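Descriptive analysis of the structure
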Amino acid sequence: MSDPKLVDRLERERDTEPGDHKMPGTVVLTALLLLCFVVYYFANWKALADVWHVR
Amino acid sequence: MTSLALPVGNFRTGEARTCDTTGLPVCLHAQRFIKLNAVCAVVALLVGAIGAILLGLTRWPAVHLLPADWYYRVLTLHGINMLIFWIIFLEIAILYFAGTTLLKTRLASTKLAWTSFLLMAVGAVLTNITILQGTADVMMTSYAPLQAHSNFYLGMILFAVGALLGVGNFFACVWIARRDKTYQGSMPLVAFGALAAAIIAVVAILHGAIALVPTWLWSLGLMDAPDAGWYRLLWWGIGHQSQQINVCAMVSTWYLLATLTVGAKPLNQLVCRSAFVLYVLFINIASAHHLLVDPGVSAGWKIWNTSYAMYLAVLASMIHGFTVPAAVEVAQRKKGHDRGLFGWLVKAPWANPGFSAFFLSLIIFGFIGGITGVTLGTQQINIIAHNTLRIPGHFHATVVGGTSLAFMGLCYYVVPLIFRREYAARALCRLQPYLFGIGIVLVSIGMSFAGSYGVPRRHWDVEFSGAPFAKGFDSGAHVMLGLMGIGAVLAFVGLLTFILLTVHAVFLGKRNEGRAMTAW
Ligand code: HEM
Ligand SMILES: [Cu+2]
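Residues numbered from 1 in each chain as written. Chains lettered and ligands numbered in written order. Predicted model: local features only at pLDDT ≥ 70, side-chain atom pairs only at ≥ 80, totals over all residues. Heavy atoms only, no water.

1. Brief notes about the overall build of chain A
Broken down by element type, chain A carries 2 helices and 0 strands. Counting the 55 residues in chain A, one finds 25% classified as buried. Here chain A has roughly 3800 Å² of accessible surface; of this, 68% comes from carbon and sulfur atoms. (Helix = DSSP H or I, 4+ residues; strand = E, 2+ residues; numbered from the N terminus. Buried < 20%, exposed > 50% of the residue type's maximum accessible area, 1.4 Å probe, protein only. Areas by Shrake-Rupley, 256 points an atom, 1.4 Å probe, with all protein chains shown as cover.)

This is how it looks when you write it as structure tokens:
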């Protein structure tokens, strides 16, 4: 457990912080997730198209 | 902001203590019920785990352990003990924690808590006995006209009523906290998430009652068989919505563990809270994805429910999936772990099982559970995936790699903070989330790809041995089933390790009363 007690953190939870939030790593992780989704989703539509012919 | 050393709130003398580690007030009555429910949860987890390894070794064709009747019996046992008893006992414990400690209020009613607990415990025992007697091989969905012995349904109904009373007690806590103004401003985010889960639980349990009470009466011979299509529609009203309760509880757990382990705090209250509201509003509709090949409902109904409305609930998960790691990143960077894109992640406390369980849960849930879920829930794609192993492949990433792993992480704090006992064998504790996490990823991937080869779920023998002509699956499918089997062994070892460590800590662990818990 790091220094300030949880109770203080929960009190401070409501403090508004200036816009110094930097989260580029999370943005990259999210982009990676979307990329994986696109690949998997597309592969599934392809698999469907292979068995379900539209004539 | 000042530190609050004494239990503030509406506690009666002698009925509360201040946590030596967090400084939060703990209602002693709530503490008792948190303990009771958590212990029952772990017992159910043990029963489910024994089922898990037996199933894993049966679905692995090279081993094919159980005979057919026991496969279905154990499948029922595993599904119900894991998905219902383990998860819901722990969720009720979470509600008692969020409803009292986080709101600085006392437990609303001890009598109600006892009634709830006893009903749940008796219900769980009754259902389990009925399953093991071999008179309820109907699997957790118990689709009519499959019929189990009446005690199976009775046990489930008692359990559900008990859970509903627990949820009611939580609402009462929220109410007296507001009345006595025990907290300022809006309630903390974790409590808000628990409230969202509790609201969904009420709707879910009502659906369950409407589905199961007539089915119970039918099993007693007092009514005609319920309509099969009607039963499925209503059953998924509880079956799917309880998954959303799990997601809410898991996300709340993520926020809590992020705070406890790296000191993260929510970045934007409004956004996080709105996401919980989206769950409450739209999740009901998404239950339709379980009926995508059901002849009883129209194509229009399926398309509307799964093409538009579902994505609003998905949106909520995507919001949390972003804000939770973002909060961790911001907190870590503030501490100076600021190198490059991922320095914050590399320097995260990976040896703290509370953190590793939480972050692995986030990754498994998002990358495997989320992606497969949205894909399977697409009406057209569902036709090539329905009732294949892809379905358990998906939910072993959500409710197992996601929720269950997050709950294990939570236990690494609940035991020292609420039971006030320390975990022993710390190195093993640190290893455990990885064992379980890696195992369940293999299970999930193995199942998913075996399912893509067409291997069905809930099927005892995919080799069709003894069939008049040879029929079976491609060797690729066997590789995937083998992967699943190996993963099952790993995950089982991880699960058993968790159970042994936790049971040991709860009953024999070193007491830490009067001082802060030993930091992970
Ligand atoms: C060691 C960990 C686990 C392993 C190896 C495992 C393995 C399995 C296997 C092999 C099946 C059978 C799939 C089939 O034949 O159709 C199954 C079904 C299932 N599992 Fe697990 N599981 C584990 C943990 C869990 C947990 C923690 C939960 C819930 C929280 C869970 C929920 C379910 C459900 C709901 C079913 C479906 C039952 C049915 O079809 O009626 N599992 N699991
Ligand atoms: Cu669902």
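2. A short note on the coordination of the iron atom of ligand 1
All names here are of chain B. On the protein side, the iron atom of ligand 1 has H78 (NE2) and H396 (NE2) as donor atoms, found 2.0 Å from it. Seen from the iron atom of ligand 1, its 6 donor atoms lie at angles of 86 to 180°, and the figure they make is octahedral. Here the residue H78 occupies a position in helix α2 (residues 68–100), and H396 occupies one in helix α13 (residues 390–419), the gap between them amounting to 318 residues. (Donors = N, O, S within 2.8 Å, 3.2 Å for Na, K, Ca; no water. Tetrahedral: all angles 85-135°; square planar, octahedral: opposite > 155°, others 65-115°.)

3. Remarks on the nonpolar core
With 166 residues, the main nonpolar core has B:F85, B:W86, B:F89, B:W254, B:F276, B:F358 and B:Y423 as its most contacted residues. In contact with B:F85, other than residues within four places in its own chain, are B:A44, B:I80, B:A124, B:T127, B:N128, B:M156 and B:F159. (Core = buried A, V, L, I, M, F, W, Y, C linked by side-chain atoms within 4.5 Å. Contact = heavy atoms within 4.5 Å.)

4. Considerations on the pattern of salt bridges
Counted under the stated rule, the structure contains 10 salt bridges over all chains. The partner of B:E513 in a salt bridge is B:R511, with the nearest N and O atoms 3.5 Å apart. (Salt bridge = Lys/Arg side-chain N within 4 Å of Asp/Glu carboxyl O.)

5. Some words on the coordination of the copper ion (ligand 2)
Residue and element names in this part refer to chain B. Looking at the copper ion (ligand 2), one finds its protein donor set to be H240 (ND1), H289 (NE2) and H290 (NE2), positioned 1.9 to 2.1 Å from the metal centre. Counting along the primary sequence, the residues that act as donors to the copper ion (ligand 2) give the motif H-x48-H-H. Residue H290 is classed as partly exposed on the basis of its relative accessible area, which comes to 23%.

6. A closer look at the site of ligand 1
Residues and elements named next belong to chain B. Close contacts around ligand 1 come from 25 residues, with R59, Y71, H78, H396 and R458 the closest. In this structure, Y71 approaches ligand 1 through a side-chain N or O atom, which is 2.4 Å from an oxygen atom. Of all elements in the fold, only α1 (28–59), α2, α13, α14 (426–452) and α15 (475–508) reach the threshold of two or more residues within the shell around ligand 1. The dominant element in the shell around ligand 1, judged by the number of residues it contributes, is α2, at 6 residues. (Near = heavy atom within 4 Å. Polar contact = N/O pair within 3.5 Å; in protein donor to acceptor, adjacent residues only side chain to side chain.)

7. With respect to the packing of aromatic side chains
For any pair of aromatic rings, the description consists of the separation of the ring centres together with the inter-plane angle of the planes. All names here are of chain B. Throughout the structure, instances matching the rule amount to 26 aromatic pairs over all chains. Arranged with centres 5.4 Å apart and planes meeting at 85°, the rings of F152 and Y153 form a pair that is edge-to-face. Side by side, F152 and Y153 carry an identical accessibility label, which is buried. Ring geometry for F358 versus F359: centroids 5.7 Å apart, planes at 80°, classification edge-to-face. An identical accessibility class is assigned to F358 and F359; each is buried. (Phe/Tyr/Trp six-rings, centres within 6.5 Å; stacked < 30°, edge-to-face > 60°.)

8. Some details on a nonpolar patch on the surface
Residues and elements named next belong to chain B. Residues V39, V43, V503, F507 and L508 make up a contiguous nonpolar surface patch of about 450 Å² in total accessible area. In terms of residues, the nonpolar patch owes the most to one element, α15, which gives 3 residues. Mapped onto the fold, V43 is located in helix α1. (Patch = residues over 30% accessible without salt bridge, like charges linked within 9 Å, V, L, I, M, F, W, Y side chains within 5 Å.)

9. Points about helix α3 (residues 110–132) of chain B
Residue and element names in this part refer to chain B. For α3, with 23 residues, the first-to-last C-alpha span of 33 Å sits near the 33 Å given by 1.5 Å per residue. Those residues of α3 that sit buried are A113, S116, F117, M120, A121, G123, A124, T127, N128, T130 and I131. Those residues of α3 that are buried are in contact with α1, α2 and α4 (150–179). If you check the start of α3, you find a side-chain oxygen 3.4 Å away from the backbone N of K111, and it comes from S109. One or two residues past the end of α3 sits G134, with phi positive at roughly 85°. (Expected span 1.5 Å × (residues − 1).)

10. Overview of the packing of α2(B) against α4(B)
All names here are of chain B. Where α2 meets α4, the axes come as close as 9 Å, and the angle between the chain directions of the two elements is 15°. When the axes of α2 and α4 are compared, the pair comes out roughly parallel. For the pair α2 and α4, the crossing hand works out as left-handed. Side by side, α2 and α4 meet where T76, I80, I84, F85, I88, F89, I92, L95, Y96, A98, G99 and T100 of the first sit next to F152, M156, F159, A163, G166, V167, N169, F170 and C173 of the second. Grouping the amino acids of the contact of α2 with α4 by side-chain chemistry returns 16 nonpolar, 5 polar and no charged. (Axes fitted to C-alpha atoms, helices over the stretch in contact; angles between N-to-C directions. Parallel < 35°, antiparallel > 145°, perpendicular 65-115°, else oblique. Left-handed = near helix turned anticlockwise from the far one by under 90°. Nonpolar A, V, L, I, M, F, W, Y, C, P; charged D, E, K, R; others polar.)

11. Section: the confidence of the model for chain B
Residues of chain B with pLDDT of at least 70 account for 98%, and the chain-wide mean is 94. In the predicted structure, residues 1–5 of chain B sits below a pLDDT of 50 and forms 9 contacts with residues beyond four places in sequence or in another chain. (pLDDT = per-residue confidence, 0-100.)

12. Comments concerning unusual backbone geometry
Residue and element names in this part refer to chain B. A cis amide bond links A144 with the next residue in sequence, P145, at an omega value of 10°. By secondary structure assignment, the location of P145 is in the loop between α3 and α4. Phi is positive for R420, which is not a glycine, with a value near 55°. Its location among the elements puts R420 in the loop between α13 and α14. R420 sits in the buried class, given a relative accessible area of 16%. Phi angles above zero are rare outside glycine, and R458 is one such case at about 50°. Tracing the chain through its elements places R458 in the loop between α14 and α15. For R458, a relative accessible area of 21% puts it in the partly exposed group.

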